[in-house]
Amino acid sequence: MITVFRPETPGELFELVKSQPAPHYFLAGGTDLLVQHKDGAIGPSTWFDLTAISELTGIRQEDGKIVLGATTTHDELVRSPLIQRYAPVLVQGAEVIGGPQIRNRGTVGGNLANGSPAADTAPPLYTLEAEVGLSNGQRTRWLPIADFFLHVRKTALEPGELITALRFPAREGIQGGFMRLGQRRSQAISKVSVAVSAVGRFDYLAIACGSVAPTVVRAPQAEAILREQGMAGLEEACRLIRDEVKPISDVRSTADYRRATTGVLLRRVLEQLDSGPRR
Ligand SMILES: Cc1cc2nc3c(=O)[nH]c(=O)nc-3n(C[C@H](O)[C@H](O)[C@H](O)COP(=O)(O)OP(=O)(O)OC[C@H]3O[C@@H](n4cnc5c(N)ncnc54)[C@H](O)[C@@H]3O)c2cc1C
């Protein structure tokens, strides 16, 4: 049997977590959890619906940072003027997730909590140098996103710990691009994805790749050559990045295909950035 509670404050939530029988699951949009339950991967358990807790929602600018609540939906990310201005890469990551129904329900916290290297908000958040806010009711901590993801389906989340928010610096003039390859253009899990955030050419530059290693990976060598040479370093960066990723072959793709297309996607994203802001 599944028992569901819908607390209205973080205090109420953590009291329930303490008092109710395990196993526990947080329920945000339910677009992953309900599928896992339907597939029989989740048995009798206690679920805590997060959607009535107003502290977990909203996007704001605070002390030079953009802060977004964990239950912010993908659709809210796409439509937010703050995200459009300070995280265009995240707009592009969120707008390709699922279809309209999934984007309307699915949340950024749920996307990260799964620990999937194919989660489409993760590479964009790496390029923004985001931090993940975590709380167990007694202790709140902020982890760089690269320390949050440990391995496939393994995160730094401790039992009973909740993702409360994400935050990243509000960089003026930032541009961004995200592209992915999947079985289809939409409703498909990424086989490979590349995210880039940049200010100028390139005062700030971060590149991150999804689905090509157990966690999302940055590409420090490709970044360095582009910082040094600007777009003149494009060929070299696309060559270098193929050796910076560590893909495997699985049911969705082969390691060789993933390696080769990482370079192709990097070129496309950088050429798109070079031709000016998309929106
Ligand atoms: C048809 C379909 C298409 C999809 N397409 C894509 C796609 O293109 N790209 C993509 O990346 N994903 C895709 N997904 C996966 C899913 O929609 C996303 O990962 C979504 O962001 C999950 O968020 P949610 O709020 O629905 O999570 P939920 O299902 O509510 O939760 C997922 C997991 O995270 C935990 N959790 C949720 N919130 C928190 C929190 N704040 N703190 C700690 N743990 C938490 C839950 O306990 C659960 O274990 C798709 C899913 C479906 C069904």
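It should be noted that the structure appears before, not after, this text.
Residues numbered from 1 in each chain as written. Predicted model: local features only at pLDDT ≥ 70, side-chain atom pairs only at ≥ 80, totals over all residues.

Visitor: Before we move on, can you summarise the packing of helix H11 (residues 234–244) against helix H12 (residues 255–274) with the specific residues and values?
Guide: Between H11 and H12, the least distance of the axes is 8 Å, while the angle of their chain directions is 145 degrees. The handedness of the crossing between H11 and H12 is right-handed. Residues Leu234, Ala237, Cys238, Arg239, Ile241 and Arg242 of H11 touch H12, and the partners they reach there are Arg259, Ala260, Thr262, Gly263, Leu266, Arg267 and Leu270. Within the contact of H11 with H12, the residues separate by chemical class into 7 nonpolar, 2 polar and 4 charged. (Axes fitted to C-alpha atoms, helices over the stretch in contact; angles between N-to-C directions. Helix = DSSP H or I, 4+ residues; strand = E, 2+ residues; numbered from the N terminus. Left-handed = near helix turned anticlockwise from the far one by under 90°. Contact = placed C-beta atoms within 7 Å. Nonpolar A, V, L, I, M, F, W, Y, C, P; charged D, E, K, R; others polar.)

Visitor: Before we move on, can you summarise the site of the ligand with the specific residues and values?
Guide: In the region of the ligand, 29 residues are neighbours, and Ala28, Gly29, Gly106, Gly109 and Gly110 sit closest. Taken together, the elements giving at least two residues each to the shell around the ligand come down to strand E2 (24–27), helix H2 (33–38), helix H6 (100–105), helix H7 (108–113) and strand E10 (162–169). At 4 residues, the largest contribution of residues to the shell around the ligand is made by H7. Residues belonging to the shell around the ligand are distributed by class as follows: 15 nonpolar, 11 polar and 3 charged. Both domains that meet at the shell around the ligand, namely domain 1 (2–49) and domain 2 (55–169), each give it at least three residues. (Near = placed C-beta within 6 Å. Domains from an automatic or database assignment.)

Visitor: Pulling in residues and values, what's your account of the sheet that holds strand E11 (residues 175–181)?
Guide: The 4 strands lie next to each other as E11-E12-E13-E14, forming an open sheet whose pairing is antiparallel. A single partner strand is all that each edge strand has here, and the edge strands are E11 and strand E14 (217–218). The pairing of strand E12 (residues 192–199) with strand E13 (residues 204–210) spans 7 bridges and is classified as antiparallel. Among the inter-strand pairings, Ser193 is bridged to a residue of E13, identified as Gly210. Running over the sheet, helix H10 (residues 220–229) touches E13 and E14 and is turned about 150 degrees from E13. Across the sheet, H12 is in contact with E11, E12 and E13; its angle to E12 comes to roughly 35 degrees. (Pairing = 2+ DSSP bridges.)

Visitor: Lay out H10 with the relevant residues and their values.
Guide: Ala222, Glu223, Ile225 and Leu226 are the residues of H10 that are buried. Each buried residue of H10 sits inside an arc of 165 degrees when the element is viewed along its axis, so together they form one side. Those residues of H10 that are exposed and aimed more than 90 degrees away from the buried face are Pro220 and Glu228. The elements touched by buried residues of H10 are E13, H11 and H12. Remark: Gly230 follows H10 within two positions and exhibits a positive phi of approximately 65 degrees. (Buried ≥ 20, exposed ≤ 12 C-beta atoms within 10 Å, placed from the backbone. Arc of directions from axis to C-beta.)

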